[in-house]
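What the coordinates show
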Amino acid sequence: MRLRCVLAAFTALVAISTTNVVAADKARIVLVAGRPSHGPGDHEFNAGCKLLTKCLGSMPGIEPVFVPGGWPRDESVFEGARTIVFFMDGGGGHPMIQKDHLEKLQKLMDKGTGLVCLHYAVEVPKGKPGDRFLEWLGGFYESGFSTNPHWVAHANLNADHPITRGVQPFSIRDEWYFNIRFRPEMKGVTPILKAKPDDETRKGVSASPRGPYKHIVEASGREELLAWAVERPDGGRGFGFTGAHTHKNWGDPNFRRLVLNAILWTAKLEVPSGGAESAVTPDELKANLDPK
Ligand SMILES: [Zn+2]
């Protein structure tokens, strides 16, 4: 009887230590959600990041860490991160460029940490912030050069890249930014998702500031790059994605899979041959929305 108790205790100890080892080995992925900004259903950074966190948490070997409310108060959350996802309002108030945050991020990038910027998080002012984004992400939304109308993108996917594994072409209305400022000659930038805005879209009626912008209208018929990947000389990987203004688009399995695949890829994890598996219910899609 006593032997059985000892054996049971030993088995329990082994189980605990095994669990700890597995947890320590898990790939840490940090998702940073910005503060509320837009109307209901738009720029739902909190709800969007929570959905992605839930999806990543159901995958083996991943430890997603969700950070609400913008830049983390405790920056140690970034320690050991394989990749960091930013989904927040950008521009001059972008949390990534305040105080010494660019320098802190530079240290992480130097270690080869991955970087994912979603929607408004791809916009920073040109100059020092823009230059850092060119290095880390391969491109950024440059005010006055890039544009942000709402339109239906018929996806043209780069089938040769792991990020598109299992992603079927989709047609989705979103505030798809385009004419992103990329590195000169697109050096090191790999297209992931392209689509062709029609001439009505190019007039920028729904853009802010309102169009038309001459250089956007004159590029009539050109395909535009809406998502891209980079591999940096420091070994780190970056992914920029201009959609996700509209929260309900996370309910589309292909839209969601593309972003989840990209997160895995920037974390240097193998993207499954059929792409990242995830499920989001209608109720989950309505959960965690910002208070209005
Ligand atoms: Zn938006």
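Predicted model, so just to flag it, every value in this text is computed and none were measured.

About the cut-offs
- Per chain, residue numbering runs from 1 following the sequence as it is written.
- Only residues with pLDDT of at least 70 are given local features in this predicted model, and only at 80 or more are side-chain atom pairs given and counted; all residues enter the totals for whole chains, interfaces and linings.
- The basis for every side-chain value is the complete set of heavy atoms in the structure, and neither hydrogens nor water enter the calculation.
- Stacked, edge-to-face and tilted labels apply to pairs of Phe, Tyr and Trp rings (six-membered ring for Trp) whose centres lie within 6.5 Å, assigned for plane angles under 30 degrees, over 60, and everything in between, in that order.
- In this text, helices come from DSSP runs of H or I with a minimum length of four residues, and strands from runs of E with a minimum of two, each type numbered from the N-terminal end.
- To sort residues, take the accessible area from a 1.4 Å probe on protein chains only and compare it with the maximum for the residue type: under 20% means buried, over 50% means exposed, and anything in between is partly exposed.
- For this analysis, a nonpolar core means a set of buried residues of the types Ala, Val, Leu, Ile, Met, Phe, Trp, Tyr and Cys, connected via side-chain atoms within 4.5 Å.
- We call two residues in contact whenever any of their non-hydrogen atoms come within 4.5 Å of each other.
- Axis lines are fitted to C-alpha atoms, over the contacting stretch for helices. Their N-to-C directions set the angle, which ranges from 0 to 180 degrees.
- Angles below 35 degrees are treated as roughly parallel, those above 145 as roughly antiparallel, those between 65 and 115 as roughly perpendicular, and all remaining angles as oblique.
- By convention, the crossing between two helices is left-handed when the near helix turns anticlockwise from the far helix through less than a right angle, and right-handed when the turn is clockwise.
- For salt bridges, the criterion is a side-chain nitrogen of Lys or Arg within 4 Å of an Asp or Glu carboxyl oxygen.
- Metal coordination here is assigned from N, O and S atoms located within 2.8 Å of the ion, or within 3.2 Å for Na, K and Ca; omission of water means that sites may look incomplete.
- Four donors are marked tetrahedral only if all angles between them lie between 85 and 135 degrees, whereas four are marked square planar and six octahedral if opposite donors are more than 155 degrees apart and the other angles lie between 65 and 115; the remainder are marked irregular.
- Any helix carries an expected span of 1.5 Å times its number of residues minus one.

1. Concerning the packing of aromatic side chains
- Under the counting rule described, the total for this entry stands at 16 aromatic pairs.
- For the pair Phe133 and Trp136, a centre-to-centre distance of 6.4 Å together with 35 degrees between the ring planes defines the contact as tilted. Within this pair, Phe133 and its partner Trp136 are both found in helix α4 (residues 128-136), separated by three residues, close to a single helical turn.
- When its relative accessible area of 0% is taken as the criterion, Phe133 is described as buried.
- A residue is classified by how much of its surface remains accessible, and Trp136, at 1% relative accessible area, is buried.

2. Re the nonpolar core
- Among the nonpolar cores identified, the biggest contains 50 residues, and Leu56, Leu118, Trp176, Leu193, Phe241 and Trp250 are the most heavily contacted of them.
- With eight residues, helix α7 (residues 253-266) is the largest single contributor of residues to this core.
- Sequence-distant contacts of Leu118, defined by excluding residues within four places in its chain, comprise Leu52, Val85, Phe86, Phe87, Met88, Phe241, Trp250 and Val259.
- Counting residues in each nonpolar core, the second largest holds 35 residues, with Leu102, Leu108, Phe133 and Trp228 among its members.

3. Focus on the packing of helix α2 (residues 45-57) against α7
- Where α2 meets α7, the closest approach of the two axes is 11 Å, and the angle between their N-to-C directions is 65 degrees. If you check the angle between α2 and α7, you find them roughly perpendicular. For the crossing formed where α2 meets α7, the hand is right-handed. Mapping the contact onto sequence places Leu52, Cys55 and Leu56 in α2 and Arg256, Val259, Leu260, Ile263 and Leu264 in α7.

4. Concerning the packing of helix α3 (residues 101-110) against α4
- In the contact formed by α3 and α4, the axes pass within 12 Å of each other and the chain directions differ by 15 degrees. By the angle between their axes, α3 is roughly parallel relative to α4. Crossing geometry of α3 relative to α4 is assigned as left-handed. Across the interface between the two elements, Leu102, Glu103, Leu105, Gln106 and Met109 of α3 pack against Lys128, Pro129, Arg132, Glu135 and Trp136 of α4.

5. A few points about the pattern of salt bridges
- Following the criterion strictly, the structure yields 16 salt bridges and no others.
- Between Asp100 and Lys104 there is a salt bridge; the shortest N-O distance is 3.0 Å.
- Here Asp100 falls in the partly exposed class, since its relative accessible area comes to 35%.
- Here Asp234 ties to Arg232 by a salt bridge, and the two come within 3.1 Å at their closest N and O atoms.
- We classify Asp234 as partly exposed; its relative accessible area is 30%.
- In this structure Arg232 comes out as buried when scored by relative accessible area, which is 5%.

6. Focus on the coordination of the zinc ion
- Protein-derived coordination of the zinc ion comes from His43 (NE2), His119 (NE2), Glu175 (OE) and His245 (ND1), at a distance range of 1.9 to 2.1 Å.
- Classification of the site at the zinc ion as irregular follows from its four donor atoms and the range of 88 to 170 degrees in their angles at the metal.
- All donors of the zinc ion belong to a single chain; written as a sequence motif, their spacing is H-x75-H-x55-E-x69-H. Note that His119 is positioned in the loop between β4 (114-118) and α4 and Glu175 in the loop between β8 (171-174) and β9 (181-182), a separation of 56 residues in sequence.

7. A few points about α2
- Taking 1.5 Å of rise per residue, 13 residues should cover 18 Å, and α2 covers 18 Å from first to last C-alpha, within 8% of that figure.
- Every buried residue of α2 is listed here: Phe45, Asn46, Ala47, Gly48, Cys49, Leu51, Leu52, Thr53, Cys55 and Leu56.
- Tucked inside the fold, the buried residues of α2 contact β1 (27-33), β2 (62-67), β3 (81-87), β4, α7 and α8 (282-285).

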